[in-house]
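Chains, contacts and geometry: an overview
What follows is each chain in one-letter form.
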Amino acid sequence: MKIVSRQILLTVVCLLLSTIAFSQKKTAYVSGKIVDDNENPLPGVSVIILGKQTGISTNDSGYFRLEVPAEKAFAIIFSYTGRKTEQKNFLLNENEEEKISLRLEKGENVLQEVVITDQRDRRETGLIRPNPKTIINLPSAITGVESLIKIFVGSNNELTSQYSVRGGSYDENLIYVNDFEVFRPYLVRNGQQEGLSFINPEMVRNINFYNGGFQAKYGDKMSSVLDIQYKRPKRFGGSAYVGILEQGVQLEGIGKNNKFSYLLGARNRSNKNLLSRQETTGNYVPSSSDFQALINYQFSSKWQAEFLGNISKTKFSLVPEFSQLTSSVFSPFLSVNLGVDIFFDGQEKDEYSTNMLGLSLTNQVSRKLKLKWMASRFENDERENIDITGAYLFGERDFDKSQPTYGLIINPLGAGVYQNFARNTLNVENWNLAHKGNYDQGQHAWQWGLSFDKTTIADKLNEWEYQDSAGYSLPYQPNMLQLNKVIKSTTDLDINKFSGYIQDNILLGDSSHNTTVTTGVRFNYNSLNQELLISPRVGVSWKPNGKKDIVFRASAGMYNQPPFYRELRRYDGTVNTKLKAQKSIQGVAGFDYNFPGLAGKPMRLTTELYYKHMTDVVPYDIDNVRIRYFGENVAKAYAAGIEMRLFGELVKDAESWISLGFMRSKEDIEGDTYKEYTLNDFNEPIDSVTKEKGWVRRPTDRLITFGMFFQDYLATNKNFKMYLNWLYGTNLPYNIPNSVKYRNGLEIPPYIRVDIGFSALLLDSDRSKRRSHSPFRSFESIWASLEVFNLIDRPNTISYLLVKDFSNTVYTMPNRLTPRLVNFKIVARW
């Protein structure tokens, strides 16, 4: 027994000693002397390990000695004002010391741009201010600001630039570019048809995204605000990028005396490669292009004018050939691989055109008073032409590779034909006249605005759907051919809207320990339903005294959303011009905490709790990205949750972040009753009870949302970088048409997507090494990127195809999103 005890004791001691030895940090040293061109010592040279936040400086004799990690590759950066920065790579053994002598040559004394940041994103609830420079590097199927936003709010479709925020629909999000409101196309059915987003990422200077609790100065939507500011050029320059999916060029410059400036951008995108591996094979011809211009003219120190213009056109053509969908059923009674093969005939052709012109005049009356007048015209012209017939065979699919029937339907359960036909046109034209002003009164900063919108809508719908199952037209009527669905409607609307706001931003205390209070109210009147809405809002932030750098914040208010085109239209195509605004009372509370993280690197944690109580809700269903509204105010709803975000630089100059959210959103529809039948032994109904469905999940109800953006570079070379974009969301409900009992009863599986990108610097900003006649002499940098979309090749589901067998049993066949795809891109700046 004693021997066993000694053996156990000896083993524990050995494990402890080995653990201590293993945990000891292995170090080495690099020392040396830094001199100038004349071999004179250089004191104060910065000596820092690549990726670290802190380092040392050379002494008066130019000497240094730096402790470094052993048995791993690393790089040291030597920098000094007016001298070229040098980088040296090392790989040392434990306790080894390497001595070097380094000469720093004279270089261009370029002053680094000084960026002055305020504390708005810490004081205002719901405000996120991502760095626009990360957009072009973000590995994503869609290049744009919206892909960056999705990391914070989640996504279930990589093909669309639309997003859902805190349980809201796609139509509940406001978008501004330089204070002009912009709109999206309305007839788009799926992400395949979408083109370029309005926002050109290479023209963006500043991003303000509010995912709730926004101030009264922003418009009448219930979920979010994306406020974009474009660049104000200070010199001639530009950029260009060429990729497999998208190409673009951007130019900027100024005129004489710096009074005139211009910012131009052109883009072209084709998703043909992205769609080439879809489950529905055929000839995809998607194309989208746009041109934008921002022109500024400074008349004097007090007056300036700004012009913003956009022309965009998207075309989508599809001649489908064949689709092969597969699903599996596992239960105690049945385990089978089901499939449906669809053979197509016909085609689809869609066009979406957007034109926008905006003009603003700003008068800086004094240091305290600023006035702005704005006028704009925005037009969407959309056309859908669909005539596609599909013949399908449904049944059990053979997955035995040893059999000649591998991949074929071997046990048919259903067969039929369907035809989808559509000839739809929509023209939306919006004219806007607005005035904004702000007055700085010391501790009070007043803001106000008035706006008039005139919207005309010319809409013509002509849709029908024919279904034939097992030789019978559905719905079946003897001696009559009846279509499954018919929508025929022509609508012309002329809507006048008046809105305005006033708010006061109050600062109490000094800059380091203060309290801010923002109170405001906005109004909205809509001539269509003659409804006047008043929306008071208040926000508070408090930074307490103490060593911890923490800010507490909260907001509450009313957020009402007047109906627009999609909300007005019922399922049958008719328009409800008496539809009232959807209304909500929202509350948000949270904190923002700055703290030192790993190795003393600055980290930032934000957390917010929110609750939204909604009335006069217009229920809707989502199929891919198409939203179909009930067209009636027949529901009440709520959304509640918590969101946490962590920002930080795991390596220097490479910010990463993680976002995690938990949410629950449900609705209760008036009059959603159904019959519960009692059956006898012969399966015949003998009695029934009327039941009310009650609270059900909303179409955007997702319990967990996770997003991560991570960037890193080689320890020995900062010019080789890696970017990782990871999105995860739990299941979403999917509606079964014409079923009250099983409304939103289906579930779309969790969305998991990982995109990764690798970038290498081909040309740096050091022009001294370039020849005078080099075509690249004026370039600042050229980067090459290799991106892998859907790295794990997960077949994410976006919707379902409902198929009936011969016994009238309904099966769900998933429609999948894009598989793994490789993209190559080159980005040049000058």
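Residues numbered from 1 in each chain as written. Predicted model: local features only at pLDDT ≥ 70, side-chain atom pairs only at ≥ 80, totals over all residues. Heavy atoms only, no water.

1. Things to note about the overall build of the protein
For clarity, the cut-off: Here a strand is any run of E in DSSP of at least two residues, a helix any run of H or I of at least four, and the numbering for each starts at the N terminus. Note on contacts: a residue pair is in contact if any heavy atoms of the two residues lie within 4.5 Å. Note on areas: these come from Shrake-Rupley sampling with a 1.4 Å probe, and a residue is covered only by the protein chains present in the view. Charge counting follows a simple rule: Lys and Arg are positive, Asp and Glu are negative, and His as well as the terminal groups are ignored. Lys charges are placed at NZ, Arg charges at CZ, Asp charges at CG and Glu charges at CD.
Of regular secondary structure, the protein possesses five helices and 44 strands. Taking the principal axes of its C-alpha atoms as reference, the protein extends roughly 105 × 90 × 65 Å. Within the protein, contacts between residues separated by at least 24 positions form 67% of all contacts whose residues are at least 6 apart in sequence. Carbon and sulfur atoms make up 56% of the accessible area of the protein, which amounts to about 39800 Å² in all. The averaged location of the 90 negative side-chain charges in the protein is 6 Å from the averaged location of its 99 positive side-chain charges.

2. Points about the sheet that holds strand β9 (residues 173-177)
Where we set the bar: Strand pairing requires that DSSP identify at least two bridges connecting the strands. Every axis in this analysis is a line fitted to C-alpha atoms, fitted for helices over the stretch in contact. Angles between the N-to-C directions lie between 0 and 180 degrees.
As summarised here, the arrangement of the five strands in space is β8-β11-β12-β9-β10, forming an open sheet in which the pairing is mixed. Among the strands making up the open sheet, the edge pair consists of β8 (127-128) and β10 (180-181). As paired strands, β9 and β10 are joined by two bridges and run antiparallel to one another. Bridge pairing in β10 links V177 to F180. Docked against the sheet, helix α3 (residues 145-153) engages β8, β11 (204-210) and β12 (224-230), running at close to 30° with respect to β11.

3. Notes on the environment of L727
Under the convention used in this document: Buried residues are those whose accessible area, probed at 1.4 Å on protein chains only, stays under 20% of the maximum for their type, while exposed residues exceed 50% and partly exposed ones sit between those limits.
Within the secondary structure, L727 is located in strand β37 (residues 717-729). Judged by its relative accessible area of 8%, L727 falls in the buried class. Those residues in contact with L727 that sit more than four places away from it in its chain are K150, I151, S155, F706, G707, Y751, I752 and R753.

4. Regarding the pairing of strand β30 (residues 626-629)
Walk down a regular strand and you will see the side chains alternate between the two sheet faces. Alternating positions in β30 separate into two faces, R626 and R628 on one and I627 and Y629 on the other, with burial throughout. Relative to β30, strand β29 (residues 620-623) runs antiparallel, the two sharing four bridges. Pairing of Y620 across the sheet is with Y629, part of β30. The turn linking β29 back onto β30 is made up of two residues, and N624 within it adopts a positive phi angle of 65°.

5. Description of the confidence of the model for the protein
Quick reminder of the rule: A residue's pLDDT is the confidence the predictor assigns to it, expressed on a 0 to 100 scale.
In the predicted model, the protein carries a mean pLDDT of 86, and the fraction of residues at 70 or more is 90%. Taken together, the stretch residues 1-24 has pLDDT below 50 and engages in zero contacts with residues farther than four places along the chain or on a different chain. Segment residues 108-117: pLDDT under 50, and two contacts once partners within four positions in sequence are set aside and those in other chains are kept.

6. Points about the pairing of strand β42 (residues 797-804)
One ladder, built from seven bridges, connects β42 with strand β43 (residues 810-816); its direction is antiparallel. Residue pairing for β43: V803 is matched across the bridge by Y811. Hairpin remark: β42 followed by β43, antiparallel, with five residues in the connecting loop; positive phi at N808, about 70°.

7. Re the sheet that holds strand β2 (residues 46-49)
Across the sheet, four strands lie side by side as β3-β2-β5-β6; this open sheet has antiparallel pairing. With partners counted over all chains shown, the strands left at the sheet margins are β3 (56-57) and β6 (86-90), one partner each.

8. Digging into unusual backbone geometry
One non-glycine residue, R166, adopts positive backbone phi at about 50°. Note on placement: R166 falls in the loop between α3 and β9.

9. Topic: the nonpolar core
For clarity, the cut-off: Among buried residues, the Ala, Val, Leu, Ile, Met, Phe, Trp, Tyr and Cys ones that are joined through side-chain atoms within 4.5 Å form a nonpolar core.
V145, I199, L226, I228 and Y230 are the most contacted members of the largest nonpolar core, which has 73 residues in total. In this view, V145 contacts I135, I199, V204, I207, L226 and I228; residues no more than four positions away in its chain are not counted. With 19 residues, the next largest nonpolar core counts V30, L42, F90 and L102 among its residues.

10. What about the environment of A391?
If you trace the backbone, A391 turns up in strand β19 (residues 369-397). Once the C-alpha coordinates of A391 and Q419 are considered, the two residues, 28 residues apart in sequence, prove to be 8.9 Å apart. When sequence neighbours within four positions are dropped, the list of residues in contact with A391 reads D341, I342, F343, G416 and V417.

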